[in-house]
Amino acid sequence: MHRALAASLLATAATLAGTTALAAEKFVYLTNWYAQAEHGGFYQAQATGLYAKAGLDVTLKMGGPQVNIMQLMLAGQADCVMGYDVQTIQSWEQGIKAVTVAAAFQKDPVVLITHPDVKKLTDLKSRTLLIGSAGMVTYWPWLKGQFGFTDAQMRPYTFNIQPFLADKNIAQQGYLASEPFAIQKEGKLKPNVFMLADEGWPPYATAVVCMDKTLKERPKAVAAFVKASMEGWKSYLTGDPSPANALIKKDNPNMTDEQLAYGIATLKDTGTVMGGDAAKHGIGIITDQRMKQTYDMLVKQKLVDPAKVPLKQTYRTDFIVPAKVMP
């Protein structure tokens, strides 16, 4: 009996130990806006169990217009955030050691939206341009240098499309599958949409950005999150996106099936996720060449002080290169 009891206790202990060893590691990822198709790969990884399979218990938290994702990550409320290499590079001037480790979007989805009579961006020199506060300190200086725009023609964008619909002399900023969809839906107007990335704007977007401290303390968890996320993007854009869409609509009840379908189609048509270097090296890839291109542009536009920001410390490729999730 003693032997049987001992054997039973050992078996129970082994089972408990195994359960503990297999317990999923908690991981919080904070997005940059309300849930939408542009976040679909992360939601797909959550909905289809890719994160769980990778040993992670992931919580996806939505950002929004008043959410400072860098400050929240610095405060320990997120392990990594949906960043943007311009923002990440600039954060180092504020003492925030944020590091880009992958970029789901090979193109920044920021766009300029114009009325149908505008055929090229240089046609906008005499028109009013609505630019948001974030754009004023990122792509607006670049736009002025590239196309000869002036501060005199710029007005604040308040995330309201009505001024654009009411005035043919106005062009405005937008997000690839958001404002263009709303303008077509509400204004019964098919605008011209100029993706700044196609005009030479170099940054990545929808990145995985983590604190340097997190990368040192939890490298395996970050690597698992990166790989599963990029697998999620592949599944979302090449398979059945409905699992992710259900979670997106749960987090953001204002999202519709029609807008999600529009977003997915736009991401595919523009090659935002699977085009460029991703086609050769895998979804989420970041390269030294592209990061230097963005850094040099920021220095040229006096948007970052090279004496205060060491480029090589603002990103790492050793998390995404081994993942190699091919489109």
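Residues numbered from 1 in each chain as written. Predicted model: local features only at pLDDT ≥ 70, side-chain atom pairs only at ≥ 80, totals over all residues. Heavy atoms only, no water.

Section: the overall build of the chain
When helices and strands are counted, the chain shows 15 helices and 10 strands. Taken against the 2.2 N^0.38 rule, which gives 20 Å for 327 residues, the C-alpha radius of gyration of the chain at 22 Å falls within 12% of a compact globule. Across its three principal axes, the chain shows a C-alpha extent of roughly 95 × 50 × 35 Å. For the chain, the proportion of its 327 residues judged to be buried stands at 50%. Each charge class in the chain was averaged separately, 34 positive and 28 negative side chains, and the resulting centres sit 3 Å apart. (Helix = DSSP H or I, 4+ residues; strand = E, 2+ residues; numbered from the N terminus. Rg over C-alpha atoms; globule rule 2.2 N^0.38 Å. Buried < 20%, exposed > 50% of the residue type's maximum accessible area, 1.4 Å probe, protein only. Lys, Arg positive; Asp, Glu negative; His and termini not counted. Charge placed at Lys NZ, Arg CZ, Asp CG, Glu CD.)

Description of helix H15 (residues 288-300)
Relative to the 18 Å expected for 13 residues at 1.5 Å per residue, H15 spans 18 Å between its end C-alpha atoms, a close match to the ideal helical length. Residues of H15 that are buried: Arg290, Met291, Thr294, Tyr295, Met297 and Leu298. All buried residues of H15 project into a common sector of 160 degrees when viewed along the axis, lining one side. Of the exposed residues in H15, those oriented more than 90 degrees away from the buried face are Gln289 and Lys300. Following H15 by one or two positions, lysine 302 adopts a phi angle in the positive range, close to 60 degrees. (Expected span 1.5 Å × (residues − 1). Arc of directions from axis to C-beta.)

So, the environment of alanine 223
Mapped onto the fold, alanine 223 is located in helix H11 (residues 219-238). A relative accessible area of 31% places alanine 223 in the partly exposed class.

A short note on the packing of aromatic side chains
Applying the stated criterion to the full structure yields 17 aromatic pairs. Over the ring of tyrosine 204 we find arginine 290; its NZ or CZ atom is 4.1 Å from the centre of that ring. (Phe/Tyr/Trp six-rings, centres within 6.5 Å; stacked < 30°, edge-to-face > 60°. Lys NZ or Arg CZ within 6 Å of the ring centre and 35° of its normal.)

Some words on the pairing of strand E8 (residues 170-175)
In terms of residue burial, E8 counts as a mostly covered element, since 5 of its 6 residues are buried. Of the pairings in the sheet, the one linking strand E5 (residues 110-114) to E8 comprises 4 bridges and is antiparallel in character. From the neighbouring strand, leucine 112 faces E8, where its bridge partner is glutamine 173. Pairing analysis gives 3 bridges linking strand E6 (residues 128-131) to E8, with the strands arranged parallel. (Pairing = 2+ DSSP bridges.)

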